[in-house]
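# Residue-level structural notes
Here is what each chain is made of, one letter per residue.
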Amino acid sequence: MQPENPESYSAPAQAVWPAAAIPGQPGAHLRAAQADSADPDLSGDADARSADEAEAPSEPVEMPDVEPTYGSELLDELRAQIAQFVILPSKEALDAVTLWVLATHLQAAWQHAPRLAVVGPAKRCGKSRLLDVLTETVHDPMLTINTTPAAIFRSIDADDPPTLLVDEADTIFGSPKVAEKNEEMRGLLNAGHQRGRYVTRVVGNDHTPHRFATFAMAAIAGIGDLPDTVMDRAVVIRMRRRAEGEKVKPFRSRRDIPDLHDLRDRIAAWARPLLDEAANLEPAMPVEDRAADTWEPLVIVADLAGGHWPRLARTACAQMVAAEAAAEEDHPSGARILADIRRIFVGRGEPDSLSTEELLYLLRQDPESPWAEWGRSGLTARGLGAMLREFGIKPGNVRVADGTQRKGYMRNRFLDAWRRYCPALHAVGTQPVPARDTQPAALGED
């Protein structure tokens, strides 16, 4: 069973919370949201809105529960069944998986097919067991173990797509060399996230071009993170090994599959008449851009079910998306360099500029950062410049505290990138970086 106090995801980003949808009245929640809230103005001057001025994350605003439907009872039952066999990392993750399963039964209504990325740091974290349960509850499961991409897209019906289930994804994407050989699979998973994306292949003896659909929901399980482009289109479930005292029910096919199939059939029967209504709903979302595209089917399912599920869905969405955004900032290949430079500027009292020499020294001094061991001899000026150029930031001549002019970086050049790529980073509680007692060795602009 699910532990009483599972560790929650990180605090969610600030969001304007919409009113819950009223089952049977599509669009009613939108009118309420437009009447009660307005989007904040995001077009202020860059110098006046640095990242440290953003408000700290807070708990989501409580939403009143609405009248439950039979779908709410089905979601409650499904969540209890999943929790019997596998321990999810948080209540929000359990809610998200539950909603994702039900969303597979309404795939024909969706514009985007969210991936479910079930990842963990090691073996025996419950990834495969979760896929066992999903196989028996999702719509038309299609296991893709050792299945070629060509066989997969030839099996996808554009009108009634299956639900793809990919286990041991680390054998497909686990190393750059292996991932390169499976580039077609990654492309298929990326294209299938959005309706209307096809692959064209020649078929038959006369080599006639034929378009194959790719749109289908997919659950992908493996050790370690999936490719960034797949993770960006996924509801991410970060599994972990059970701790001492955490117990689950063993999964036995002969005993448990009939009950799961009965629940699956009741879910499908409830969802089938709601297809048109689900397609017409456009709920206000607590997140934006691709995250909103990915989570929208889950929120719509919650709004159709009613009860406490509209609130649970939006809480899970805000918290889990915020957690992944924070994790992205810590990834060296993502926005980690921007986040670390942000902390340095805050710790130095927000100077107008820092020399490249000073910045490299402080980046290398952080014992929790990778920069001291980056490359063969630590992060260099050339390496720093190459990373920052990806964000449109270039070095120039700056005047430093001692009045001399050196190569370096202006703070105002970072403001836009900080807001875009590390919005969860705040200056609250940041400790000042102590001044150096001695000058670092010459670093050179190699």
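Here is what the cut-offs are and how they apply
- Residues numbered from 1 in each chain as written.
- Predicted model: local features only at pLDDT ≥ 70, side-chain atom pairs only at ≥ 80, totals over all residues.
- Heavy atoms only, no water.
- Helix = DSSP H or I, 4+ residues; strand = E, 2+ residues; numbered from the N terminus.
- Buried < 20%, exposed > 50% of the residue type's maximum accessible area, 1.4 Å probe, protein only.
- Contact = heavy atoms within 4.5 Å.
- Areas by Shrake-Rupley, 256 points an atom, 1.4 Å probe, with all protein chains shown as cover.
- Salt bridge = Lys/Arg side-chain N within 4 Å of Asp/Glu carboxyl O.
- Phe/Tyr/Trp six-rings, centres within 6.5 Å; stacked < 30°, edge-to-face > 60°.
- Axes fitted to C-alpha atoms, helices over the stretch in contact; angles between N-to-C directions.
- Parallel < 35°, antiparallel > 145°, perpendicular 65-115°, else oblique.
- Left-handed = near helix turned anticlockwise from the far one by under 90°.
- Pairing = 2+ DSSP bridges.
- Nonpolar A, V, L, I, M, F, W, Y, C, P; charged D, E, K, R; others polar.
- Core = buried A, V, L, I, M, F, W, Y, C linked by side-chain atoms within 4.5 Å.
- Patch = residues over 30% accessible without salt bridge, like charges linked within 9 Å, V, L, I, M, F, W, Y side chains within 5 Å.
- Lys, Arg positive; Asp, Glu negative; His and termini not counted.
- Charge placed at Lys NZ, Arg CZ, Asp CG, Glu CD.
- Expected span 1.5 Å × (residues − 1).
- Bend = angle between axes of the 7 residues up to and from the residue.

Regarding its fold elements, the protein presents 17 helices and ten strands. Here the protein, with 446 residues, has 47% of them falling under the buried criterion. Sequence separation of 24 or more characterises 74% of the internal contacts of the protein that already satisfy a separation of 6 or more. Looking at the protein as shown, the accessible area adds up to about 22,500 Å², and 48% of this sits on carbon and sulfur atoms.

Applying the stated criterion to the full structure yields 22 salt bridges. Of the charged contacts in the structure, one is a salt bridge between Asp 65 and Arg 311, with a shortest N-O distance of 3.1 Å. Within this pair, whereas Asp 65 is found in the loop between helix H1 (28-36) and helix H2 (70-85), its partner Arg 311 is found in helix H13 (residues 309-329), the two being separated by 246 residues in sequence. When its relative accessible area of 22% is taken as the criterion, Arg 311 is described as partly exposed.

What the rule picks out here adds up to six aromatic pairs. A ring pair is formed by Phe 345 and Trp 418, whose centres lie 5.8 Å apart and whose planes are at 65°; its orientation type is edge-to-face. Taken together, the positions of Phe 345 in helix H14 (residues 336-347) and Trp 418 in helix H17 (residues 415-421) put the pair 73 residues apart, joining distant regions of the chain. Pair check on accessibility: Phe 345 and Trp 418 agree, each one buried. One aromatic cluster in this structure is built from Phe 345, Tyr 409, Phe 414 and Trp 418.

Quick look at the packing of H2 against helix H3 (residues 91-103) now. As a packed pair, H2 and H3 sit with axes 9 Å apart at the nearest point and diverge in direction by 120°. With respect to each other, H2 and H3 are oriented oblique. Crossing geometry of H2 relative to H3 is assigned as right-handed. The segment H2 lies against H3, with Leu 75, Leu 78, Arg 79, Ile 82 and Ala 83 engaging Leu 94, Asp 95, Val 97, Thr 98, Leu 99, Val 101 and Leu 102.

Further remarks concern the sheet that holds strand E9 (residues 396-399). On the basis of which strands lie adjacent, the open sheet formed by three strands has the order E8-E10-E9 and antiparallel pairing. Edge positions in the open sheet fall to strand E8 (353-355) and E9, since each of these has one partner strand only. Taking each pair of neighbouring strands and ignoring which way they run, the sheet shows an average axis angle of 65°. Relative to strand E10 (residues 405-410), E9 runs antiparallel, the two being bridged by four bridges. In the strand pairing of E10, Gly 396 is matched with Gly 408.

Quick look at the sheet that holds strand E3 (residues 163-166) now. Strand order in the open sheet made by the five strands is E2-E3-E6-E1-E7, with parallel pairing throughout. Two strands lie at the open edges of the sheet, namely strand E2 (141-143) and strand E7 (234-238), each paired on one side alone. Each neighbouring strand pair of the sheet contributes to a mean axis angle of 20°, computed without reference to strand direction. Relative to E3, E2 runs parallel, the two sharing three bridges. Within E3, the position partnered with Leu 143 by the bridge is Leu 165.

Looking now at the packing of H14 against helix H15 (residues 356-365). Taken N-terminus to C-terminus, the directions of H14 and H15 make an angle of 105°; their axes are 10 Å apart at the nearest point. It follows from the interaxial angle that H14 and H15 lie roughly perpendicular. Across the interface between the two elements, Ile 337, Asp 340, Ile 341 and Ile 344 from H14 touch Leu 359, Leu 362 and Leu 363 from H15. In terms of residue class, the contact of H14 with H15 is made up of six nonpolar, no polar and one charged.

The next thing to look at is the pairing of strand E1 (residues 115-120). Of all six residues in E1, six are buried; the element is thus mostly enclosed. Across the two faces of E1 the burial is the same, with Arg 115, Ala 117 and Val 119 and Leu 116, Val 118 and Gly 120 all buried. Strand direction decides the pairing type here: E1 and strand E6 (residues 218-223), joined by six bridges, are parallel. The partner of Val 118 across the bridge, within E6, is Ala 221. For E1 and E7, the ladder comprises five bridges, and the chain directions are parallel. The residue bridging Val 119 from the neighbouring strand is Arg 238, located in E7.

Moving on, we come to the nonpolar core. Of all hydrophobic cores here, the largest spans 64 residues; its most connected members are Leu 88, Trp 110 and Leu 134. The contacts of Trp 110, once residues within four sequence positions are left out, are Ala 103, Arg 195, Phe 215, Met 217, Ala 278, Pro 297, Ile 300 and Val 301.

Below, the discussion takes up a negative patch on the surface. On the surface, a cluster of negative charge is contributed by Asp 140, Asp 157, Asp 159 and Asp 160. Residue classification places Asp 160 among the partly exposed residues on the basis of a relative accessible area of 41%.

Bringing helix H12 (residues 289-305) into the picture now. Owing to its 3.6 residues per turn, the α-helix aligns residues three or four sequence positions apart on the same side. With 17 residues, H12 extends 25 Å between its outermost C-alpha atoms, agreeing within 8% with the 24 Å of an ideal straight helix rising 1.5 Å per residue. Of all the bends found along H12, the most pronounced is centred on Trp 295 and spans about 45°, while Pro 297, a proline, follows it within four residues. Counting buried positions over the 17 residues of H12 gives twelve, a clear majority of the element. Buried residues of H12: Ala 292, Thr 294, Trp 295, Pro 297, Leu 298, Val 299, Ile 300, Val 301, Ala 302, Asp 303, Leu 304 and Ala 305, and no others.

Of note, Asp 140 is a non-glycine position whose phi angle comes to about 45°, a positive value. Relative to the elements of secondary structure, Asp 140 occurs in the loop between helix H4 (127-135) and E2. Residue classification places Asp 140 among the partly exposed residues on the basis of a relative accessible area of 40%. The phi angle at Glu 168 is positive, at roughly 55°, despite the residue not being glycine. Turning to its location among the elements, Glu 168 is positioned in the loop between E3 and helix H6 (170-173).

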